[in-house]
Amino acid sequence: MMYSAMGRLGITSLSPRLSPIFLCNTSALSLGSRSTLPTITTCNLPSLLTVPMSPLHTSSVVERARQSTRIKKRKVNVANKKKKEERLRKNPPPIPKKVQLMLISKGLGAKPQPWRKTDSRPFPVDTAWCEMYHTWARQEVGEVLECLRENCHPSMLNMPDALVWAKLEFNLQNVKKDKYLDGFTKMVPVYNPFERGVAEKVILAFCKQPEEIKAAEAAGATKAGGIELVEEIVKGKTDVSDFDHFLCTDEMLIELKPLIGVLRDKFPKKILGSVSPDIAKLVQTFAHGMQVAVNKPKKTLGFEEDPAYGVTEVQIGRLNQSTDQIEGNLTTLLQTLRENAPKRAKGGFVTRCELFVEGPQKSRFSVIHDLVDDERYTTHAKERMALNNNNVKVDTKLETIKEEVEI
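Residues numbered from 1 in each chain as written. Predicted model: local features only at pLDDT ≥ 70, side-chain atom pairs only at ≥ 80, totals over all residues. Heavy atoms only, no water.

### Notes on the sheet that holds strand β12 (residues 309-318)
Read from one edge of the open sheet, 5 strands run β5-β14-β13-β6-β12, paired in mixed fashion. The open sheet has two free edges, formed respectively by β5 (138-139) and β12, since each of these has just one partner strand. Here β5 runs beside strand β14 (residues 365-367); their pairing, made up of 2 bridges, is parallel. Opposite Q139, over in β14, you have V367 as the bridge partner. Taken strand by strand, helix α4 (residues 141-151) contacts β5, β6 (163-171), β13 (350-357) and β14, and its axis lies near 160° from that of β14. (Pairing = 2+ DSSP bridges. Helix = DSSP H or I, 4+ residues; strand = E, 2+ residues; numbered from the N terminus. Contact = heavy atoms within 4.5 Å. Axes fitted to C-alpha atoms, helices over the stretch in contact; angles between N-to-C directions.)

### Considerations on the packing of α4 against helix α9 (residues 323-337)
Each pair of packed helices can be described by the angle between their axes along with the distance between the axes. Running from amino to carboxyl end, α4 crosses α9 at an angle of 120°, the nearest separation of the two axes being 10 Å. Judged on the interaxial angle alone, α9 and α4 are oblique. Here α4 and α9 pass one another in a crossing that is right-handed. Side by side, α4 and α9 meet where V141, G142, L145 and R149 of the first sit next to T323, I326, E327 and L330 of the second. Counted by class, the contact of α4 with α9 contains 4 nonpolar, 2 polar and 2 charged residues. (Parallel < 35°, antiparallel > 145°, perpendicular 65-115°, else oblique. Left-handed = near helix turned anticlockwise from the far one by under 90°. Nonpolar A, V, L, I, M, F, W, Y, C, P; charged D, E, K, R; others polar.)

### Concerning the pairing of β6
Counted residue by residue, β6 has 9 buried out of 9 residues, so it is predominantly covered. Where β6 lies against β12, 9 bridges are found, and the strand directions are antiparallel. For V164, the partnering residue across the bridge sits in β12 and is G317. For β6 and β13, the ladder comprises 7 bridges, and the chain directions are antiparallel. Residue W165 lies in a different strand from β13, and its bridge partner there is F356. (Buried < 20%, exposed > 50% of the residue type's maximum accessible area, 1.4 Å probe, protein only.)

### Quick word on the layout of surface pockets
Here the largest pocket is characterised by a volume of approximately 1200 Å³. Along the walls of the largest pocket sit 32 residues, with E85, L88, R89, K299 and E305 positioned nearest its centre. The greatest single-element share of the lining of the largest pocket, amounting to 6 residues, is contributed by helix α2 (residues 67-90). Split into classes, the residues belonging to the lining of the largest pocket amount to 15 nonpolar, 2 polar and 15 charged. Estimates place the volume of the second largest pocket at around 460 Å³. When residues of the lining of the second largest pocket are traced back to their parent elements, those giving at least two are β7 (184-188), α8 (279-288) and α9. Counting residues per element, the lining of the second largest pocket draws most heavily on α8, which supplies 4 residues. Here the residues of the lining of the second largest pocket sort into 7 nonpolar, 8 polar and 5 charged. (1 Å grid on protein atoms, 1.4 Å probe; cavity = no way out; pocket = protein on both sides within 12 Å on 5 of 7 lines; lining within 4 Å. Points joined across faces, edges and corners; volume = space filled by probe spheres on them.)

### Describing the nonpolar core
Side chains that are nonpolar tend, in soluble globular proteins, to be buried together. Judged by nonpolar contacts, the single largest core of 39 residues is most densely connected at L333 and L337. It is β6 that contributes the most residues to this core, 6 residues altogether. Excluding anything up to four places from it in sequence, L333 contacts L168, V188, V292, V314 and I316. Residues F206, V230, V240 and F243 belong to the second largest nonpolar core, which totals 15 residues. (Core = buried A, V, L, I, M, F, W, Y, C linked by side-chain atoms within 4.5 Å.)

### Considering the packing of aromatic side chains
Here the distance between the centres and the angle between the planes together describe a pair of aromatic rings. Scanning all chains against the criterion turns up 8 aromatic pairs. Geometrically, the ring pair formed by F184 and F349 is stacked, given 6.5 Å between the ring centres and 20° between the ring planes. Of this pair, F184 sits in strand β7 while F349 sits in the loop between α9 and β13, and the two are 165 residues apart along the sequence. Judged on exposure class, the residue F184 and its partner F349 are both buried. Put simply, the rings of W115, F303 and Y309 touch in pairs and so form one group of aromatic residues. Over the face of the ring belonging to W136 we find R352, whose NZ or CZ atom lies 3.8 Å from the ring centre. (Phe/Tyr/Trp six-rings, centres within 6.5 Å; stacked < 30°, edge-to-face > 60°. Lys NZ or Arg CZ within 6 Å of the ring centre and 35° of its normal.)

### Describing unusual backbone geometry
Although it is not a glycine, N158 sits at a positive phi angle of roughly 55°. If you check the backbone angles, R264 has positive phi at about 55° while not being a glycine. Along the chain, the position of R264 falls in the loop between α7 (260-263) and α8.

### Things to note about the confidence of the model for the protein
Per-residue confidence for the protein gives a mean pLDDT of 80, with 80% of residues at or over 70. Residue range residues 21-43 is modelled with pLDDT below 50. Its contacts to residues more than four positions away, or to other chains, number 39 contacts. (pLDDT = per-residue confidence, 0-100.)

### Looking at the side chain of N171
Turning to its location among the elements, N171 is positioned in strand β6. Here the side chain of N171 touches Q173 through a polar contact of 3.3 Å, landing on its backbone nitrogen. (Polar contact = N/O pair within 3.5 Å; in protein donor to acceptor, adjacent residues only side chain to side chain.)

### A closer look at the sheet that holds strand β8 (residues 203-206)
Hydrogen bonds between backbone groups are what pair the strands of a sheet, and the pairing can be parallel or antiparallel. Strand order across the open sheet formed by 3 strands is β9-β8-β10, with parallel pairing between neighbours. Of all the strands in the sheet, just β9 (223-225) and β10 (245-248) have a single pairing partner and so form its edges. The average angle at which neighbouring strand axes cross in this sheet is 15°, direction not considered. Note: β8 against β9, 3 bridges, orientation parallel. Within the sheet, the bridge partner assigned to A205 lies in β9 and is A224. Sheet strands touched by helix α6 (residues 227-235): β8 and β9. Its angle to β8, the strand with the most contacts, is close to 125°.

In structure tokens form, the structure reads like this:
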């Protein structure tokens, strides 16, 4: 027997999702003799009766868009989100009055501050100046280390072997406009090792030539070898859990296929930087190297959002080391990080370098270095050289005053 329209409405009333439907006043709704559903009756009311009803879903599966359509919509949503963030970065909304008062009370000011220190003050014209009206001093690495050693002398701060830190600022602007590099991590070799509280690494090097094996062992590899070493590992004669890093040369990489399942995550790969033709430099990098992360600051209240700004702080030595050793570590650090520099026609990559010592001393000294792209100082140095060539003597170098102590 065919169900009536009122009968179908009665069936849908048994659904768990209920919504009010108006039914006319009837005496009874019969669904037929074969139906097992109960008979639904209504009361004799002079007006309409409200019965909770909901539509009945008749399909066996829930329809949804195709996978390609969902991926396309997701990409569109992500692109729109990035456009909105870029639009808000260029035209930020005004800061509410209460937030401005809170920032002023914390000493941040109502206007957001830039992450980079503004360098708009003029250079000094003599050897004595006030930093309130002139730009900060730029000094050679040797002069900066001499100042730090004087401040950390046993007669003053008593930290003769303090760690020397370098703060580097980066310009992460990419080649295209409004495109920026992401933060990155780089393994930097330390050719002049110093005590920094890190356990010594155990390294195994794979190389074919006898000269390369000797160079790897001289550089600090615990064990080095060729195909014979691969066979020992496959047979289980050498325990791979005793080693922290596995390095190899380019020509030896093909011979390591039997070790893919044995080494797993430690298997040498070019993308990880553990494969190189210069095995000695590679061993020194992983034996005494350090992982350096260049980070982009997160959005912080009271500071302007600068997607081109990157910063890192790295240990480069101790004060009891020689000046040449500390300067060599700094040069190696700058050379390694500049490998990730974009090929831009204008603008530098490492824009500023500061040396400092952790502790009660809060002073930080800006450094003059060939690998630091301080464009403003470079222009000033060229102008000063031009003046010197025209017999106009202008000495802007900081004068060091030494006191003679009679014993």
